[in-house]
Structure formats: C-alpha cells, structure tokens
Amino acid sequence: MPDVLRSSQVVALGGGHGLAASLSALRLVCEQVTAIVTVADNGGSSGRLREDFDVLPPGDLRMALTALCDDSEWGQTWSDVLQHRFTGEGHLSGHALGNLLIVALWQLHDDPVTGLDLVGRLLSARGRVLPMAAVPLELTAEVTGADPSLPDVTETVRGQVAIARTEGLVESISLEPAEPPARPESVAAVRGADHIILGPGSWYTSVLTHLLVPELRHALATTSARKVLTLNLEMHTAETRGFSATRHIETLHQTAPELSVDVVLADPHAVDDAARLGAACEKLGAELVTVPLAQAQHPDRHDALRLAAAYRDILT
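Numbering of residues starts from 1 in each chain and follows the order in which that chain's sequence is written. Residue-level local features of this predicted model are given only where pLDDT is at least 70; pairs of side-chain atoms are given and counted only at 80 or more, and the full residue set underlies all totals for whole chains, interfaces and linings. Computation of side-chain values covers all heavy atoms of the structure but excludes hydrogens and water.

### A look at the overall build of the chain
Secondary structure assignment for the chain yields 14 helices and ten strands. It is over C-alpha atoms that the radius of gyration is taken, and the globule rule equals 2.2 Å times the number of residues to the power 0.38. For 316 residues, the compact-globule estimate of 2.2 N^0.38 gives 20 Å, and the C-alpha radius of gyration of the chain, at 19 Å, lies within 12% of that figure. Partly exposed residues are those whose accessible area sits between 20% and 50% of the maximum for their type, while under 20% is buried and over 50% is exposed, using a 1.4 Å probe and protein chains only. Counting only residues that meet the buried cut, the chain has 53% of its 316 residues in that class. Residue contacts follow a heavy-atom distance rule, with two residues in contact if any of their heavy atoms lie within 4.5 Å. For the chain, long-range pairs separated by at least 24 residues make up 71% of all intrachain contacts whose partners lie at least 6 apart in sequence. Carbon and sulfur atoms provide 49% of the accessible area of the chain, an area that totals close to 13,600 Å². When charges are counted, Lys and Arg are positive and Asp and Glu negative, with His and the chain ends excluded. We put the charge of a Lys on NZ, of an Arg on CZ, of an Asp on CG and of a Glu on CD. If you average the places of the 23 positive and of the 40 negative side-chain charges in the chain, the two averages end up 3 Å apart. Only DSSP runs of H or I covering at least 4 residues are called helices, and only runs of E covering at least 2 are called strands; the numbering of each starts at the N terminus. We get accessible surface area from the Shrake-Rupley algorithm with a probe of 1.4 Å; when it comes to residues, only the shown protein chains can shield them.

### Quick word on the state of the cysteines
In this description, the term disulfide denotes a pair of cysteine sulfurs within 2.5 Å. A full pass over the atoms with the stated rule returns zero disulfides. In this structure Cys69 is a free cysteine whose sulfur lies 16 Å from that of Cys30, the closest cysteine sulfur available. Since its relative accessible area comes to 2%, Cys69 is described here as buried.

### Regarding the environment of Leu265
Considering the arrangement of structural elements, one finds Leu265 in strand β9 (residues 263-266). With 167 residues separating them along the chain, Leu265 and Gly98 place their C-alpha atoms 32 Å apart. Not counting the four nearest positions on each side in its chain, Leu265 is found in contact with Val228, Leu229, Thr230, Leu231, Val289, Val291, Leu293, Leu307, Ala310, Tyr311 and Ile314.

### Things to note about helix α7 (residues 112-123)
Here the expected length of a helix is defined as 1.5 Å per residue gap, with one fewer gap than residues. Here α7 spans 17 Å end to end across twelve residues, near enough to the 16 Å set by a 1.5 Å rise per residue. Buried within α7 we find Pro112, Val113, Gly115, Leu116, Val119, Gly120 and Leu123. The arc that holds every buried residue of α7, seen down its axis, measures 160°, which confines them to one face. In the core, the buried residues of α7 are packed alongside α4 (59-67), α5 (73-83), α6 (97-108), β3 (127-131) and α9 (184-191). A distance of 3.1 Å separates the backbone nitrogen of Val113 from a side-chain oxygen at the start of α7, and that oxygen is part of Asp111. Following α7 by one or two positions, Ser124 has its phi on the positive side, about 55°. Here the arc refers to the set of directions running from the helix axis out to each C-beta atom. N or O atoms within 3.5 Å of each other form a polar contact, as long as, within protein, one can give a hydrogen and the other can take it, and as long as residues adjacent in sequence are counted only when both atoms are side-chain atoms.

### Quick notes on the nonpolar core
What is meant by a nonpolar core is a set of buried Ala, Val, Leu, Ile, Met, Phe, Trp, Tyr and Cys residues, joined one to another through side-chain atoms within 4.5 Å. Formed by 101 residues in total, the largest nonpolar core has its most connected members in Leu23, Leu26, Leu229, Leu231, Leu252, Leu265 and Tyr311. Apart from the residues lying within four places of it in its own chain, the contact partners of Tyr311 are Ser22, Ala25, Leu26, Ile197, Gly199, Pro200, Val228, Thr230 and Leu265.

### Observations regarding the packing of aromatic side chains
The criterion for an aromatic pair is that two Phe, Tyr or Trp rings (for Trp, the six-membered ring) have centres within 6.5 Å, with stacked assigned to planes under 30 degrees apart, edge-to-face to planes over 60 apart and tilted to the rest. Within the structure shown, the criterion is met by two aromatic pairs. Measuring from centroid to centroid gives 6.2 Å for Tyr204 and Phe243, while their planes differ by 70°, and the two rings are edge-to-face. Taken together, the residues span a long stretch of sequence, with Tyr204 in helix α10 (residues 203-207) and Phe243 in the loop between β8 (226-230) and α12 (245-255) at a distance of 39 residues. What makes Tyr204 buried here is its relative accessible area of 3%.

### Here we look at the sheet that holds β8
Strand pairing is assigned whenever DSSP identifies at least 2 bridges connecting the two strands. Taken together, the seven strands give an open sheet; going across it, the order is β3-β2-β1-β7-β8-β9-β10, and neighbouring strands pair in parallel fashion. Among the strands making up the open sheet, the edge pair consists of β3 and β10 (287-290). Neighbour to neighbour, the strand axes of the sheet diverge by 20° on average, direction disregarded. Where β9 and β10 come together, four bridges link them in parallel fashion. From the neighbouring strand, Leu265 faces β10, where its bridge partner is Val289. Where helix α2 (residues 16-29) meets the sheet, its contacts fall on β1 (10-14), β2 (33-37) and β7 (195-198), and the angle it forms with β1 comes to roughly 160°. Along the sheet, α9 makes contact with β1, β2, β3 and β7, crossing β3 at roughly 125°. To get an axis, fit a line to the C-alpha atoms, keeping to the stretch in contact for a helix; angles then go from 0 to 180 degrees between the N-to-C directions.

### Quick notes on the packing of α12 against helix α13 (residues 274-283)
The N-to-C vectors of α12 and α13 enclose an angle of 15°; their axes lie 9 Å apart at closest approach. Classified by the angle between their axes, α12 and α13 sit roughly parallel to one another. The crossing of α12 and α13 is left-handed. On α13, the residues that touch Ala245, Thr246, Ile249, Glu250 and His253 of α12 are Arg276, Leu277, Ala280, Cys281 and Lys283. All amino acids are sorted into three groups, where Ala, Val, Leu, Ile, Met, Phe, Trp, Tyr, Cys and Pro are nonpolar, Asp, Glu, Lys and Arg are charged, and the leftover types, Gly among them, are polar. The residue inventory of the contact of α12 with α13, partitioned by class, reads five nonpolar, two polar and three charged. Angle categories are assigned with fixed cut-offs, so that under 35 degrees is roughly parallel, over 145 is roughly antiparallel, 65 to 115 is roughly perpendicular, and the rest are oblique. Each crossing gets its hand from how the near helix is turned against the far one by less than a right angle, where anticlockwise is left-handed and clockwise is right-handed.

And the structure:
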C-alpha cells in the first residue's frame, strides 16, 4: 500500500451495490475509508423497518459496513452473518439479520452513528459508515412517460423503489423534506478529506441524492479534497433509460453547477462518444480517465482489483 494512502482521509459517497463496489476496492488500497450513505431507501427489509420503527433505512448502511469488513476469518464470518436474509413466510421473512442488529443498536443508543460504529467494531471494518442525513428521506421525481399510455405526460413519482423501476424518463429529482439536515459527522468528513469518491451507483437514487442535502452539497463544493467521479458500467438502467455517459455528467452539472470534479473514471465500454464526454468533463474541471474496470465474466459488475488499481493510480 503506498504510504500516501496510509495516512490519507478518503471519503466515498453513494448507496447500495455501487457504493459497496467502490468500498470493496478502496479498502484494498486505503488504510481507512469513510462511507457516506444515502438514507432514502423505502423498499424491502429497510422499508419495513423504516415504517415500523421510524428509523433511517438500514440496508445500504449494512452493505457499506460489510464491504469494509476485515479479511480475517472473524471479519468475513460476521459479514456473512449480517448479510444473512431470513426465508420462509413468517414475520422475519425477507429481513437481513444485519438490518435487525442495526435497528436494535439504534434502540439502545440515541445516536444512530454510535450504533453503526459498534457494528463496524464487530466487523473489524477498515473505516467508518455514516448516514448522509439525520432523518429518513423520501425521494420524488418528475417522470415523463411513467404511464406508457401517456408518453408525453410528466408526473410525480414518489419513493426510491418506484423511481428505480419507472418505465418513463426521469427529468429531475428532489427530496422530502426539501432541505434535510445533514449528519454533522458526514459534513466534517467531507471537509477534512484528502480524496473524495462519488459513484458508482444508481444515478438519481444513490449518487445525485447527496447533492440535494444543502450542507453536504456545500461541503462537497468547497472542500479542498481531490474529487473522483466513478461512472457506472451500464448507462441504460430503468432510471437512466437512453442516457449516454455524457448525459450522466450533464445531469450532475445541472444538479450542482457549483461542484467541480478532478477526475471522471470510466470503463471504455461505457463510453460511446469520447470527444463529447471529454467536453462534458471539462465543464466540471475534470480529466477523463478510461481504464477497464469490469469483471471479465460479468461485464456489468466492477472488478474489485481493477477498480482498486485505478483508484491507487489516481489517488497517488
């Protein structure tokens, strides 16, 4: 591990499988990583626990913690335990054990971050996991063609799950409450970072959401940290149907025009027009870096070693 990364403060922002991919790579080249996780999930186990107990949705936080777990037998065993999902038809069916553990710790401790830190200690995690906001959030999106029979009509779609599955074109996204309070630990982590990684992940529901929290957005725009934007391997998802890599950059710039980025990292197969993408990156102040990042057998999944090597080269 390069000495510069041993002492560097690295912060990664996102949610779900995308953030887990970047954390799995970063922990191979960084001594400590702070993950800042979106808290707008309203589906599955997280949605049920959120509704039943009025808590932050724990699922993406759990995934980030397990992605940072130590490689020892202890760390891997407890990672498997936290990821275990109950089956059957009872009340526990569909719940991840880690979600239940996190909510239990939240009931024992008034501060959600304390509970997450305790789970991190249990996993011997190489870093810390923080929620991006202090309250659960609801995503809303303006979507054109959400009803296939009305392709030109724009309507409001509510909830992360519905937005992620929409058959229409997402035009814009917002949060409720409109200006949620950020977790002060998350803001402090961004301000004190040497390097910041944004993405990959579901573009609207995992990546751009961080830019809708005013304190966090301001911290990202004003921090002196070197910022890396990691693009997805697949451009055409349900919520970004028909998007090019360039369109992803453009939507980020429209969402936070004051935000500059130093490097945009992309897999060559995700780039359809390098010249246009390079021009879009320049508007962010960014250099475009294209290197293979996907698994050989699964081109839709990031290869942890390839992504780690790319981050190592960029961060040093």
